[in-house]
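The primary structure of each chain is shown beneath.
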Amino acid sequence: MVRHLAALLCAAAALLAPLTPPIAAAAPAHAAVPDTAVPDAAVPDAAVPDTAVPDAAVPDTGGPRPGGGPPLPIRGADVSSLAKSEALGGAYRYANGRRGDALAILRHDGLNYIRLKVWVNPADGYNDRSRVLAVAKRAKALGMGLLVDFHYSDSWADPGKQNKPAAWESLSFDELKQALYDHTYDVLSALKAQGTTADMVQVGNELNGGLLWPDGRWDNWPQLAALLNAGYDAVKAVSGRTKVVLHLADGGDNGLYRWWFDNAAANGIRYDVIGLSYYPYWHGTMAAFQANLNDVAARYGKPVVVAETAYPFTTGDDDGWANTVASAEPYPGYPATPAGQAAFARDLMNIVRAVPGGRGLGAFWWEATWTGVKGNGWDPADPASGNAWENQALFGFDDRALPALREFARR
């Protein structure tokens, strides 16, 4: 989705089992704290000190799904900016105002997965191998699943740009393919070695136009296929249970998805899950999104997951940097309010749940923790850059978890 952001800123049964993260058999000692120990809405802020309940102790209280039945296997959040936010003083609070660990808050309200992007050599040192390992360890300790999103770049990769890492610029194609394999294997094997094996892996991000341009661009399918299959092989060499996701943007564009995945099939590209980005103010109607989701699941016989989505809870700004989406009603029927954001979260997850054959796995809210923290902007090379996304996070300007978090998690 960052092609839009940069433009505005700068100008399943066998499959479902491993996708549902295991909850540790031996719960932390403080896991005995019941869900009702501190009711979210019941206790005044001043009465709830930050240390009232240890964060990691708070079990999942997402609650039963409205209408009954099991929740979707994946109720996730991309938290790639979290480590930098925390380092710069970012704070997160439960809905009742008590300060806590962001991941514990997400887990408490019912999320069960995180998504982390990986850059090869980012200018600010974040979203690299070491940072991913650290956040993954925290999430797995809470019983959460892990999706690792390889960009194969030093910065953002999306439909508008798929720039090679600087260190790979002069490589021959065979060397580039090996570098992709080695980078993928290195990160995933390090995760496995520390006991946090990835459950899902994106080989590339928003691959509408391919990756590692120009070598793996859309107009050279044999080379694009060779690169993607090298990534697939690296994932499976580390863990055969890890599911490989191929992810496109523009989730309401069925013509794009048929063209891309028909070519993928013709060129022998291997994968397990189809990933989609869907932002309703950019990617078409929700009806078109639903039709595309249903079609690709049936046409290619694969489970589908919404790898990115989000919606604003306000038109306000919290960091002095203009927001990417500032309309009072970015999509008809869903105002940019906490209630409008929650309604969108509910309806999107219901669309995923309705995919025939149980092939709808769930969704990830993109950058749920990217709040307005000075220095944590969109450009890793520019500390003065701002965040144009804080009005679409799942935490408000008062740092409290928003209603959309629990609505998203209960589906």
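Refer to the structure above for everything that follows.
Each chain has its residues counted from 1, running along the sequence as written. It should be noted that, the model being predicted, local features are given only for residues of pLDDT at least 70 and side-chain atom pairs only at 80 or more, the latter also being counted only at that level, while totals for whole chains, interfaces and linings use all residues. Excluding hydrogens and water, the side-chain figures rest on all heavy atoms present in the structure.

Note on placement: Asn-121 falls in the loop between β4 (113-118) and α5 (129-141). For every residue, the accessible area obtained with a 1.4 Å probe (protein chains only) is divided by the maximum for its type, and the residue is called buried under 20%, exposed over 50%, and partly exposed between those limits. We classify Asn-121 as exposed; its relative accessible area is 56%. Helix and strand definitions here come from DSSP, where helices need a minimum of 4 consecutive H or I residues and strands a minimum of 2 consecutive E residues; each element is numbered from the N-terminal end.

Paired strands are those between which DSSP finds at least two bridges. The strand order β1-β4-β5-β6-β9-β10-β11-β12 describes a closed barrel built from 8 strands, whose pairing is parallel. Taking the axes of each pair of neighbouring strands and ignoring which way they run, one obtains an average angle of 25° across the sheet. Alignment of strand β9 (residues 243-248) against strand β10 (residues 273-277), held across 4 bridges, turns out to be parallel. Residue Leu-248 lies in a different strand from β10, and its bridge partner there is Leu-276. With axes taken as lines fitted to C-alpha atoms, and helix axes fitted only over the stretch in contact, angles between N-to-C directions fall between 0 and 180 degrees.

On to the packing of α5 against helix α6 (residues 173-193), then. Taken N-terminus to C-terminus, the directions of α5 and α6 make an angle of 30°; their axes are 10 Å apart at the nearest point. Considering their axes alone, α5 and α6 lie roughly parallel with respect to each other. In terms of crossing hand, the pair formed by α5 and α6 is right-handed. Taken together, the residues of α6 that come into contact with α5 (itself represented by Arg-129, Val-132, Leu-133 and Ala-136) are Asp-186, Val-187, Ala-190 and Leu-191. When residues are sorted by character, Ala, Val, Leu, Ile, Met, Phe, Trp, Tyr, Cys and Pro go into the nonpolar class, Asp, Glu, Lys and Arg into the charged class, and all the rest, Gly among them, into the polar class. Grouping the amino acids of the contact of α5 with α6 by side-chain chemistry returns 6 nonpolar, no polar and 2 charged. Orientation categories follow fixed angle ranges, with anything under 35 degrees roughly parallel, anything over 145 roughly antiparallel, 65 to 115 roughly perpendicular, and all other angles oblique. In this scheme, a crossing is called left-handed if the near helix is turned counterclockwise away from the far one by less than a right angle; it is called right-handed if the turn is clockwise. Residue contacts are counted whenever heavy atoms from the two residues lie within 4.5 Å of one another.

Another point: the pattern of salt bridges. When a carboxyl oxygen of Asp or Glu lies within 4 Å of a side-chain nitrogen of Lys or Arg, that pair is called a salt bridge. Taken as a whole, this structure holds 19 salt bridges when the rule is applied. The residue Asp-149 makes a salt bridge to Arg-115 at a minimum N-O spacing of 3.0 Å. Pair noted here: Asp-149 is in strand β5 (residues 145-150) and Arg-115 is in strand β4, with a separation of 34 residues, a long-range link. Take Asp-149: its relative accessible area is 1%, and that puts it in the buried class. Owing to a relative accessible area of 0%, Arg-115 belongs among the buried residues under this scheme. For Lys-140, the salt bridge goes to Asp-199, with nearest N and O atoms at 2.7 Å. Taken together, the residues span a long stretch of sequence, with Lys-140 in helix α5 and Asp-199 in the loop between α6 and β6 (200-203) at a distance of 59 residues. Each of the salt bridges in this network shares a partner with another, and the network as a whole consists of Asp-78, Arg-115, Asp-149 and Glu-308.

Two elements in contact, helix α8 (residues 254-266) and helix α9 (residues 286-300), have axes separated by 10 Å at closest approach and are oriented at 20°. Considering the angle they form, α8 stands roughly parallel to α9. With respect to the hand of their crossing, α8 and α9 are arranged in right-handed fashion. Counted together, Asn-254, Tyr-257, Arg-258, Phe-261 and Asp-262 of α8 and Asn-292, Asp-295, Val-296, Arg-299 and Tyr-300 of α9 form the full contact between these two elements. In terms of residue class, the contact of α8 with α9 is made up of 4 nonpolar, 2 polar and 4 charged.

Another aspect to go through is the packing of aromatic side chains. For any two aromatic rings, the description comes down to two numbers: the centre-to-centre distance and the angle of the planes. When two rings of Phe, Tyr or Trp (its six-membered ring) have centres within 6.5 Å they constitute a pair, described as stacked for plane angles under 30 degrees, edge-to-face for angles over 60, and tilted for the intermediate range. For the structure shown, the criterion picks out 30 aromatic pairs. Aromatic pair Phe-261 and Tyr-271: ring centres 5.4 Å apart, planes at 50°, arrangement tilted. Here Phe-261, found in helix α8, pairs with Tyr-271, found in the loop between α8 and β10; they are 10 residues apart in sequence, far enough to count as distant. The pair formed by Phe-261 and Tyr-271 is uniform in burial state, with each residue classed as buried. Centre to centre, the rings of Trp-366 and Trp-370 are 6.0 Å apart; their planes meet at 80°, and the pair counts as edge-to-face. As far as the burial class goes, Trp-366 and Trp-370 line up, both buried. Here the basic side chain of Lys-302 rests over the ring of Tyr-271, its NZ or CZ set 4.9 Å away from the ring centre. Consider the ring centre and the ring normal. A charge sits over the ring if Lys NZ or Arg CZ is within 6 Å of that centre and within 35 degrees of that normal.

Here we come to the environment of Tyr-271. Using a relative accessible area of 9% as the deciding quantity, one classes Tyr-271 as buried. Measuring from C-alpha to C-alpha, the distance between Tyr-271 and Leu-228 comes to 8.8 Å, with 43 residues separating the pair along the chain.

Another aspect to go through is unusual backbone geometry. In this chain, Trp-213 is followed by Pro-214 through a cis amide linkage whose omega measures 0°. Tracing the backbone shows Pro-214 in the loop between β7 (210-211) and β8 (216-217). For Leu-212, which is not a glycine, the phi torsion comes out positive at approximately 50°. Among the secondary structure elements, Leu-212 is positioned in the loop between β7 and β8. When its relative accessible area of 1% is taken as the criterion, Leu-212 is described as buried.

We now examine the pairing of β5. Burial analysis of β5 places 6 of its 6 residues in the buried class, the great majority of the element. Every second residue of β5 is oriented toward a common face, with Gly-145, Leu-147 and Asp-149 on one face and Leu-146, Val-148 and Phe-150 on the other, all of them buried. For the handedness criterion, the β-α-β arrangement of β4, α5 and β5 is classed as right-handed. Note that β5 and β6 share 4 bridges and pair parallel. Paired with Phe-150 across the two strands is Val-203, which belongs to β6. Look down the strands so they point away from you; if going from the first strand over the helix to the second traces a clockwise path, that crossover is right-handed. A crossover connection joins β5 to the parallel β6 through α6; in handedness this β-α-β unit is right-handed.

A helix's residues, less one, multiplied by 1.5 Å, set its expected span. An ideal rise of 1.5 Å per residue puts 18 Å on 13 residues; α8 measures up with 18 Å between its terminal C-alpha atoms. Of the surrounding secondary structure, the elements contacted by the buried residues of α8 are α7 (221-238), β9, β10 and α9. Sitting at the amino-terminal end of α8 is Asp-253, which places a side-chain oxygen 3.2 Å from the backbone nitrogen of Gly-255. Of the residues one or two after α8, Gly-268 is the one with positive phi, at around 70°. Here a polar contact is recorded for every N or O atom pair within 3.5 Å, except that within protein the pair must consist of a potential hydrogen donor and a potential acceptor, and residues adjacent in sequence are included only if both atoms are side-chain atoms.

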